[in-house]
Amino acid sequence: TDEAFAKLPKGTVETLLKPENKAKLAAILTYHVVSGKVMAKDVVTVKGAKSLNGQRIDVKVDGGKVMVDGANVVKTDIACSNGVIHVIDSVILPADANIPAVADKAGAFKTLLAAAKAAGLVDALSGDKALTVFAPTDEAFGKLPKETVADLLKPENKEKLAAILKYHVVEGRVYSEDALAAKAAKTLQGSTVKISVKDGAAYVEGAKIVTTDIDASNGVIHVIDTVILPPAKGANAQRMLEFACRSTAASHRFG
């Protein structure tokens with residue numbers, strides 16, 4: 001509503017209406033739109049919906065009250081010839097920080113970001129191409145033998161480090177429900193990771209997914225509790241297998 005826009009900081013709307021901010025404005029508006037005619041009775045049965053912006057809107061129902069990304073739904077099911085309108089009391093905003101910036105702000109991915117920098121992957125993770133990252137926390141890297149991370153960060157191991165990190169990245173925005181339905185995903189490293197559910201928890205290649213669907217402007221992050229390792233290939237197969245064995249042993253020891 002007009003009142004919802006009035007809640008924004010003074011000058012925000014005027015700034016967004018400037019020609020140079022057209023793309024940003026379009027991104028915000030399309031974040032308020034979902035494909036298909038989704039009636040109120042359908043909204044309350046889901047936890048989220050993918051917007052035309054590409055990012056996911058969170059839906060929460062609490063005591064008969066429905067919220068989308070923190071905005072209250074105040075009126076529903078206004079029929080139109082080409083869809084339906086639900087009225088909300090606040091403007092909802094998509095994530096405007098890229099994957100590295102979101103990870104940096106979280107404060108739990110210092111090792112991952114250092115590794116991405118050493119592998120020369122920060123630019124790729126910051127680009128416009130949509131990506132999904134299964135992000136190991138600092139604690140996940142801490143499960144590896146002490147010398148392993150230091151060794152991987154050396155310039156001569158840049159290629160090996162890049163392969164490991166790319167094994168944690170999937171092309172496109174893959175939200176949790178889609179990942180679980182697919183049961184597998186091809187990584188940027190080239191190999192496929194298996195996604196499964198055990199005892200109510202989701203796993204990717206044995207690593208537990210502890211937090212899902214963290215939006216970034218260029219993708220989505222799922223947090224995992226263990227570093228996953230790609231299958232050994234080529235001339236470095238033996239070294240990769242030895243590395244995997246050490247890491248698996250460490251995982252069992254600390255996990």
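Everything numeric in this text was worked out from a predicted model, so none of it was measured.

## A short note on the sheet that holds strand S12 (residues 219-224)
Then step 1. Taken together, the seven strands give an open sheet; going across it, the order is S7-S6-S12-S11-S10-S9-S8, and neighbouring strands pair in mixed fashion. Edge positions in the sheet fall to strand S7 (169-171) and strand S8 (184-186), since each of these pairs with one other strand and no more. The average undirected angle you get between the axes of adjacent strands in this sheet is 30°.
Then step 2. With five bridges connecting them, strand S11 (residues 207-216) and S12 associate as antiparallel partners. Counted as the bridge partner of Ile214 is Ile221 from S12.

## Topic: the sheet that holds strand S2 (residues 56-62)
Then step 1. An order of S1-S2-S3-S4-S5 is seen for the five strands of this open sheet, with the pairing classed as antiparallel. Sheet topology places strand S1 (48-50) and strand S5 (83-88) at the edges, where each strand pairs with a single neighbour. The mean angle between the axes of side-by-side strands here comes to 40°, regardless of whether they run parallel or antiparallel.
Then step 2. Pairing of S2 with strand S3 (residues 65-68), which is carried by four bridges, proceeds in the antiparallel orientation. Counted as the bridge partner of Val59 is Val68 from S3.

## Some words on the environment of Lys166
Then step 1. Following the sequence through the fold, Lys166 ends up in helix H10 (residues 158-166).
Then step 2. The class for Lys166 is partly exposed, based on a relative accessible area of 33%.
Then step 3. Each C-alpha atom, one on Lys166 and one on Ala119, is 9.9 Å from the other, the two residues being 47 residues apart in sequence.

Quick notes on the rules
Each chain has its residues counted from 1, running along the sequence as written. This being a predicted model, a pLDDT of at least 70 is required before a residue's local features are given, and a value of 80 or more before pairs of side-chain atoms are given or counted; all residues contribute to the totals for chains, interfaces and linings. Heavy atoms from the whole structure form the basis of all side-chain values; hydrogens and water molecules are not counted. Strand pairing is assigned whenever DSSP detects at least two bridges linking the two strands. Segments assigned H or I by DSSP are reported as helices when at least four residues long, segments assigned E as strands when at least two residues long, and all are numbered from the N terminus. As a rule, the C-alpha atoms of each element are fitted with a line to give its axis, helices using only the stretch in contact, and angles between N-to-C directions run from 0 to 180 degrees. Note on exposure labels: buried denotes an accessible area under 20% of the residue type's maximum, exposed denotes more than 50%, and partly exposed covers the range between, all computed with a 1.4 Å probe on protein chains only.

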